[in-house]
Amino acid sequence: MDGSFFDCFDATKGTKGKVNARVNIVKSSLLMEVRMTIEGTVEAICDRCLEEMELPISGELNLYAKYGEREEGNDDDFIILAQDDDYLDLSEPLYEVYMLNYPLRVVHPEGECNEEMEHVLEELTMEEENDKIDPRWDELRKLINNN
């Protein structure tokens, strides 16, 4: 999975990197078990310092494929194939594995962020003033404790 794969999906257009996918299919008489694992790195932007970084990605997903007609109900773990299908398209499930294992917050390991940006962040970060507590909160606490 490289840039051309990621460009097929709106949310990942322009993603650079290389993620290797391994797909094992265990076929039985009734269905096929599809085991997918991904591992690799993509270029990402650090949420803290806004520098580019190499982000390791890995994950796995198991699905089942079977021939038949689509049934009502929860079939998220099943891929239903028509009897005349002669291939199994795994691009969507592989994309799902990637997106499910992409972290919500992308940051460098501690100490590897851009030092200039960290200095700016320290200057702009406001410290909380816990010394003074608004007396209205004390009155509200009294009301809560009485009930």
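Residues numbered from 1 in each chain as written. Predicted model: local features only at pLDDT ≥ 70, side-chain atom pairs only at ≥ 80, totals over all residues. Heavy atoms only, no water.

Identification of the protein as DUF177 domain-containing protein from Butyricimonas paravirosa is taken from an unreviewed UniProt entry.

Trainee: Looking at this structure, how should I read the state of the cysteines?
Mentor: When the sulfur atoms of two cysteines share a covalent bond, that bond is a disulfide. Within the structure shown, the criterion is met by zero disulfides. Free cysteine Cys113: the closest other cysteine sulfur is in Cys46, separated by 3.7 Å. (Disulfide = S-S within 2.5 Å.)

Trainee: How should I be thinking about unusual backbone geometry in this particular structure?
Mentor: The bulk of non-glycine residues show a negative phi, and the bulk of peptide bonds are trans. Phi is positive for Leu50, which is not a glycine, with a value near 65°. Mapped onto the elements, Leu50 comes out in the loop between strand E2 (32–45) and strand E3 (52–67). (Helix = DSSP H or I, 4+ residues; strand = E, 2+ residues; numbered from the N terminus.)

Trainee: Would you mind going over helix H4 (residues 135–146) with me for this structure?
Mentor: Because each turn of an α-helix spans 3.6 residues, side chains separated by three or four positions in sequence point in the same direction. Between its first and last C-alpha atoms H4 spans 17 Å; for twelve residues at 1.5 Å apiece the expected length is 16 Å, and the two agree. Burial within H4 is sparse, with just zero of its twelve residues counted as buried. (Expected span 1.5 Å × (residues − 1). Buried < 20%, exposed > 50% of the residue type's maximum accessible area, 1.4 Å probe, protein only.)

Trainee: Looking at this structure, how should I read the pattern of salt bridges?
Mentor: Note that side chains of opposite charge can pair when their charged atoms are close. Considering all chains together, one arrives at four salt bridges under this definition. With a closest N to O distance of 3.1 Å, Arg35 and Glu33 form a salt bridge. Taking the relative accessible area as the measure of exposure, Glu33 reaches 19% and is therefore buried. (Salt bridge = Lys/Arg side-chain N within 4 Å of Asp/Glu carboxyl O.)

Trainee: Explain the packing of aromatic side chains here, please?
Mentor: If you walk through the whole model with that rule in mind, you get six aromatic pairs. With a centroid separation of 5.7 Å and 35° between ring planes, the pair formed by Tyr64 and Phe78 is classed as tilted. Taken together, the positions of Tyr64 in strand E3 and Phe78 in strand E4 (residues 78–81) put the pair 14 residues apart, joining distant regions of the chain. Ring plane angle 55° and centroid distance 5.8 Å describe the contact between Tyr98 and Tyr102, whose orientation is recorded as tilted. Here Tyr102 falls in the partly exposed class, since its relative accessible area comes to 28%. Grouped by ring-pair contacts, the aromatic residues Phe5, Phe6, Phe9, Tyr95, Tyr98 and Tyr102 constitute a single cluster. Over the aromatic face of Phe78 sits the side chain of Lys66, whose NZ or CZ is 4.9 Å from the ring centroid. (Phe/Tyr/Trp six-rings, centres within 6.5 Å; stacked < 30°, edge-to-face > 60°. Lys NZ or Arg CZ within 6 Å of the ring centre and 35° of its normal.)

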